[in-house]
Amino acid sequence: MKNLLSNHEVADTRILLHAKDASQTYNDVILSSPDTDVFMIALSKLHKIDANLYMLAGIRNKKRIIDLNLVFNT
């Protein structure tokens, strides 16, 4: 899969590469990471991903899905 080749060593940025690839097939993409860095990077790259982008946040039975498009537009 040539479109997923990169020199990104950190998973925080690589996850957005995979989200962009997934947006070619799916209208909704959910990112799952406990790291707030991923949340901030996703907000900054939202305009480059052609899908509704969501973030799965929380732990154990206190998880929720955050609509990053809504956060960006607020």
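These numbers come from a predicted model, not from an experiment.

Visitor: What's the story with the nonpolar core in this structure? I'm lost.
Guide: Note that soluble globular proteins tend to have their nonpolar side chains buried in a common cluster. Grouped together as the largest cluster of nonpolar side chains are 14 residues, with contacts concentrated most on Leu-31, Leu-53 and Leu-68. Broken down by secondary-structure element, the contributors of at least two residues to this core are helix H1 (11-22), strand E1 (28-32), helix H2 (36-45) and strand E2 (52-57). Examining the composition of this core, we find that three residues originate from one element, H2, more than from any other. In this view, Leu-31 contacts Ile-15, Leu-16, Ala-19, Val-38, Ala-42, Leu-53, Tyr-54, Met-55, Leu-56 and Leu-68; residues no more than four positions away in its chain are not counted.

Visitor: Honestly, H2 in this entry has me stumped. Any pointers?
Guide: Side chains of residues three or four places apart in an α-helix project in the same direction, reflecting 3.6 residues per turn. Those residues of H2 that sit buried are Val-38, Ala-42 and Leu-43. Along H2, the residues classed as buried sweep out an arc of 135° about the axis, all on the same side. Every exposed residue of H2 that faces more than 90 degrees away from the buried side is listed here: Thr-36 and Met-40. Against H1, E1, E2 and helix H3 (68-73) lie the buried residues of H2. Its side-chain oxygen at 3.0 Å from the backbone nitrogen of Asp-37, Asp-35 defines the N-terminal cap of H2.

Procedures and definitions
- Residues numbered from 1 in each chain as written.
- Predicted model: local features only at pLDDT ≥ 70, side-chain atom pairs only at ≥ 80, totals over all residues.
- Heavy atoms only, no water.
- Core = buried A, V, L, I, M, F, W, Y, C linked by side-chain atoms within 4.5 Å.
- Buried < 20%, exposed > 50% of the residue type's maximum accessible area, 1.4 Å probe, protein only.
- Helix = DSSP H or I, 4+ residues; strand = E, 2+ residues; numbered from the N terminus.
- Contact = heavy atoms within 4.5 Å.
- Arc of directions from axis to C-beta.
- Polar contact = N/O pair within 3.5 Å; in protein donor to acceptor, adjacent residues only side chain to side chain.

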